[in-house]
Amino acid sequence: MVTGAIFADLGNDVIGVDIDRSRVDSLNAGDCPIHEPRLPELLKRNLKEGRLTFATSIPEAVSTSEIIFICVGTPPAEDGGTDLSQVETAATGIAHAVNGYKIIVNKSTVPVGTGDFVRDVIEKNGVAAKDFDVVCNPEFLREGQAVRDTLQPDRIVIGSSSETAAKTVELLYQALGAPCIITDTQSAELIKYASNAFLATKITFINAVANLCEQTQADIREVVKGVGADSRIGPAFLGAGLGYGGSCFPKDVDALLHASRRLGAEMPILEAVRAENDSRVPRFIQRIIGRLGTKNRLPLEGTTIGVLGLSFKPDTDDMREAKSIEICHALRETGARLRAYDPIATTNARRIIGDDGIEYCQNPYEAAKGASGIVIVTEWREFIQLNLNRLKSEMVEPIIFDGRNVYSSEQVTDAGFEYFSIGKIPSKPKP
Ligand code: UDX
């Protein structure tokens, strides 16, 4: 949706195809089905100006298009690999509708070799090699800032065995003025997985250093300032926290691990990344139990805990691999009663986390009512400047467990809170 809306905004005619009729209808009516800043305006403007439409018919879209992007899901397969059935279905549908030369671009995140797979599917379905080229053009946008990332990308990656096809796709992006890397298809495919796995590794590395800080007087935020100032390292993606979640990093690390095993070039470093990431929430829960728990079988029985933030990251309502799911389950298993708040994701969260032992609240202060601790799971902007006095007045015990280092120790201890953050020993409230 984001890529299509921006191509339309740049003056192209774009048809977005989906098999879900109700989604297509609501998009044509200008309703954006996800929370993504700036996207609703983009959709509305381009629908109104007639450059963007949505349809369910592949033949109609393919026959009138020069370039066709495949942007379907590539979920994990049962064997740990990548399920390419949606790619195959889309490629087959495209093949049946080809009516002249087409450029078929894979934007879905796919394992190395998928370009050849798409080519085979299209040829097997009766299209002559001269009538199409396959291009790999991965996207690197982040949820919550997808429009910004698409308009101001660090780079555009285009992989193809056809120079002409690659150049045609490059023209689509020309107006953005971003550096363009034109390469072979398999390198382009690997660039996407390697980028995501590297970023996941960077986050995981700093989380491991944060564990070390918690055993010393060091403060991870100070450490990150110094480490990130090295231009060879850079400050981005050094935010220590509860580990990475979302629809990409966990899936892509697993997919690269699987591919590396299959190809006989194992990457044990990614096993370690995975294991460390999986240990983030249990470690955090142990800190909560260590402070608030009893020796009973259910150590937090009778304790109320407020949970702030449910989506996997701010500015999205996406709950895929959100740390809140693991945290809410783990806290409920210890007997805690939960009061949760999220600015946008509550409806989606309720569907996944359920209502058992958890009350969904209208604002952070309501979530703090009667609580012995507040757990910050997602760093939504509106949590940065909470009225801490008001928050404290709602609570039984003023303790903040900050899983995203939203606050500084001084800020919350000055307000009378005990403060547990990531990568620093706990701080007592100022008298
Ligand atoms: C990611 C990639 O960044 C993007 O390039 C790719 O196209 C899709 O996957 P996204 O999953 O939307 O994007 O969000 P991102 O901002 O990368 O965050 C992923 C996870 O890492 C989140 O759970 C986030 O909380 C966590 N994270 C991120 C950290 O824990 N620390 C950081 O410093 C940055």
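Every value quoted in this text rests on a predicted model; they were computed, and no experiment measured them.

Would you take a moment to explain the overall build of the chain for this structure?
When helices and strands are counted, the chain shows 18 helices and 13 strands. Its C-alpha radius of gyration of 24 Å places the chain within 12% of the 22 Å reference for a compact globule of 431 residues. Each principal axis of the C-alpha distribution contributes one length, and for the chain these read about 75 × 50 × 40 Å. Counting over 431 residues, the chain shows a buried share of 52%. Here the contacts in the chain between residues at least 6 apart in sequence split such that 71% fall between residues at least 24 apart. Working note: accessible area of the chain is about 20,000 Å², and carbon and sulfur atoms make up 52% of it. Averaging the locations of the 47 positively and 58 negatively charged side chains of the chain gives two centres separated by 5 Å.

Sorry, what's going on with the domain arrangement of the chain here?
One widely used convention gives an interface's size as the accessible area the parts lose upon coming together. Here the chain is partitioned into domain 1 (2-190) and domain 2 (280-420). Just the C-alpha atoms count here: the centres of domain 1 and domain 2 sit 39 Å apart. The interface of domain 1 with domain 2 comprises seven residues on the first partner and nine residues on the second. In total, domain 1 and domain 2 occlude about 570 Å² of area from one another, counting both sides; carbon and sulfur atoms represent 42% of this. Considering only the side of domain 1, the residues that lose the most area to domain 2 are H35, E143 and G144, jointly responsible for 85% of the buried surface there. Here domain 1 and domain 2 share one salt bridge between them. Across the pair R320 and E143 runs a salt bridge, and its minimum N-O distance is 3.7 Å.

Teacher, can you tell me more about the site of the ligand here?
The immediate surroundings of the ligand are formed by 18 residues, with F140, E143, G239, G245 and K313 found nearest. F140 places a polar main-chain atom, nitrogen or oxygen, 2.7 Å from an oxygen atom of the ligand. E143 places a main-chain nitrogen or oxygen 2.7 Å from an oxygen atom of the ligand. For the ligand, whose unbound accessible area comes to 660 Å², protein coverage reaches 91%.

I keep staring at the pattern of salt bridges and nothing clicks. Help me out?
Pairs can form between side chains of opposite charge whenever their charged atoms are close. Taken as a whole and judged by the stated rule, the model has 29 salt bridges. Across the salt bridge formed by D25 and R21, the nearest N and O atoms sit 3.6 Å from each other. Of this pair, D25 and R21 both sit in helix α2 (residues 21-28), four residues apart, which is roughly one turn of the helix. According to the relative accessible area criterion, D25 is partly exposed, its value standing at 39%. By sharing partners, the salt bridges in this structure join R291, E397, E418 and K428 into a single network.

About the cut-offs
- Residues numbered from 1 in each chain as written.
- Predicted model: local features only at pLDDT ≥ 70, side-chain atom pairs only at ≥ 80, totals over all residues.
- Heavy atoms only, no water.
- Helix = DSSP H or I, 4+ residues; strand = E, 2+ residues; numbered from the N terminus.
- Rg over C-alpha atoms; globule rule 2.2 N^0.38 Å.
- Buried < 20%, exposed > 50% of the residue type's maximum accessible area, 1.4 Å probe, protein only.
- Contact = heavy atoms within 4.5 Å.
- Areas by Shrake-Rupley, 256 points an atom, 1.4 Å probe, with all protein chains shown as cover.
- Lys, Arg positive; Asp, Glu negative; His and termini not counted.
- Charge placed at Lys NZ, Arg CZ, Asp CG, Glu CD.
- Domains from an automatic or database assignment.
- Buried area = accessible area lost by both parts, 1.4 Å probe.
- Salt bridge = Lys/Arg side-chain N within 4 Å of Asp/Glu carboxyl O.
- Near = heavy atom within 4 Å.
- Polar contact = N/O pair within 3.5 Å; in protein donor to acceptor, adjacent residues only side chain to side chain.

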